[in-house]
Amino acid sequence: MDNMDNLFSPSLAAALIKLDPEDGEQIVEYFKTQALLTREKALLQASVRDQKKLLVENAKLKKDIEQLRVQLQDKQRRRTVKALLTPPPPAPSPAPTMPVNQPPSPAGATAAVPTNPPPSSSHERRDRQSRRRRGERKARPTSDSLTLRAEPRVDVSRLDLRVGRILNIRRHPLAEALSVQEVDVGENAPRTVVSKLGGKTQLEELQGGLAVLLCNVKACKLRGVVSQARLLCCSASDDSTEPLVPPTGSTPGDRVTFLNYPGVAGDSAAPEWNDI
């Protein structure tokens, strides 16, 4: 009411009532209502522009992150190959030992033989260094160390996929491209889900139908409405998106599983769940 009172000055409202005492108040209320509708339309248009801008920026950031990840992996691969191909530094050769001074031999005795053998030739030293270098290369890790760190195995059984029934569906009050659903997933109370369906999708046809939802995700606020799950959809065309239909005979709360993945669904509150 305070916003409506500020749309017109009291003098203007009084002048309109004075000109038409019978319908003056109704004319003032009509003008106020039209002004409020115009203001709300402008706010909605601004929010749609902001949303499109954010989508473009997010796509650009994802592309930049992917390029940086590829560059980092390439640098790690080159660094590993360079470390394996670089020969190790040659081992320092032992310093020649000086012969110990021998006491003078008595007269007539033969010359004393030195205790240390004569130093080997340069060819022999190079041969020993070559053999030592070949031995070190054989002791190095096998080619298995060239492989990069193995990617962790993706376990889809951690996803809590359940069958849900759409009890109610409506357009988002602040975003025309979004819709708000109340979905029964077999719990005590239905969950509120915010989804982006195509503009050509008939929302009335989805009410009462079954769909597949991802339930172990953290709740997040989308344009002022808290979404407690994710609705799995598939694109029928560029402008049409349809929910994924569960198998025949499914009931709300049934879990959707995958062959050869008999694991237990993960907890959205666990720290490691942030990596999914």
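Chemist: Help me get a handle on the confidence of the model for the protein chain, residues and values and all.
Modeler: Looking at the protein chain, pLDDT values average 75 and 67% of them are 70 or higher. In this model, residues 105-114 is a region of pLDDT below 50 whose contacts with residues beyond four sequence positions or in other chains number two contacts.

Chemist: Give a description of the sheet that holds strand β3 (residues 191-195) that names residues and reports values.
Modeler: Neighbouring strands of a sheet are bound in pairs by backbone hydrogen bonds; such pairs are parallel or else antiparallel. Ordered in space as β3-β2-β1-β4-β7, the five strands form an open sheet in which the pairing is antiparallel. Both edges of this open sheet fall to β3 and β7 (230-231), since each of them pairs with a single strand only. Both strand β1 (residues 161-171) and strand β4 (residues 210-214) contribute to a ladder of five bridges, which runs antiparallel. The residue bridging glycine 164 from the neighbouring strand is alanine 211, located in β4.

Chemist: Go over helix α3 (residues 24-85) with me, naming the residues and quoting the values.
Modeler: Between its first and last C-alpha, α3 extends 92 Å over 62 residues, near the 92 Å set by a 1.5 Å rise per residue. Within α3, burial applies to Gly24, Val28, Lys32 and Ser47.

Chemist: Can you break down the pairing of β1 residue by residue, with the values?
Modeler: Summarising the sheet, β1 and strand β2 (residues 179-184) pair through six bridges and their orientation is antiparallel. Paired with isoleucine 166 across the two strands is valine 183, which belongs to β2.

Chemist: Would you mind going over the nonpolar core in detail, with residue names and values included?
Modeler: Formed by 13 residues in total, the largest nonpolar core has its most connected members in Ile166, Ile169, Val183, Val193 and Leu213. For this core, the secondary structure elements donating two or more residues are β1, α5 (203-206) and β4. If sequence neighbours within four positions are ignored, valine 183 has contacts with Gly164, Arg165, Ile166, Leu167, Pro190, Arg191, Val193 and Leu213. Grouped together as the second largest cluster of nonpolar side chains are five residues, Ala175, Leu178, Val180 and Val225 included.

Chemist: Which residues make up the pairing of β3, and what are the values?
Modeler: Of all the five residues making up β3, five are buried; the element is thus mostly covered by neighbouring parts of the structure. Neither face of β3 is exposed, since Arg191, Val193 and Ser195 on one face and Thr192 and Val194 on the opposite face are all buried. Examined bridge by bridge, β2 and β3 share five bridges and lie antiparallel to one another. What sits directly across from valine 183, in β3, is arginine 191. Linkage of β2 to β3, two consecutive antiparallel strands, is achieved through a turn of six residues, within which glycine 186 is found at a positive phi near 85°.

Chemist: Residue-level account of the environment of leucine 174, with values.
Modeler: In this fold, leucine 174 is placed in the loop between β1 and β2. Residue class for leucine 174 comes out partly exposed when judged on its relative accessible area of 44%. When the C-alpha atoms of leucine 174 and glutamine 45 are compared, they prove to be 9.4 Å apart, with 129 residues separating the residues in sequence. With near-sequence residues (within four places) excluded, leucine 174 lies in contact with Leu44, Ser47 and Arg223.

Chemist: Could you give an account of the pattern of salt bridges, with specific residues and numbers?
Modeler: Per the stated rule, a full pass over the model turns up six salt bridges. Between arginine 162 and glutamate 187 there is a salt bridge, and its shortest N-O distance comes to 3.0 Å. Here the residue arginine 162 occupies a position in strand β1, and glutamate 187 occupies one in the loop between β2 and β3, the gap between them amounting to 25 residues. A relative accessible area of 16% means that arginine 162 is categorised as buried. Judged by relative accessible area, glutamate 187 falls into the partly exposed class, the value being 31%.

The rules behind each value
- Residues numbered from 1 in each chain as written.
- Predicted model: local features only at pLDDT ≥ 70, side-chain atom pairs only at ≥ 80, totals over all residues.
- Heavy atoms only, no water.
- pLDDT = per-residue confidence, 0-100.
- Contact = heavy atoms within 4.5 Å.
- Pairing = 2+ DSSP bridges.
- Helix = DSSP H or I, 4+ residues; strand = E, 2+ residues; numbered from the N terminus.
- Expected span 1.5 Å × (residues − 1).
- Buried < 20%, exposed > 50% of the residue type's maximum accessible area, 1.4 Å probe, protein only.
- Core = buried A, V, L, I, M, F, W, Y, C linked by side-chain atoms within 4.5 Å.
- Salt bridge = Lys/Arg side-chain N within 4 Å of Asp/Glu carboxyl O.

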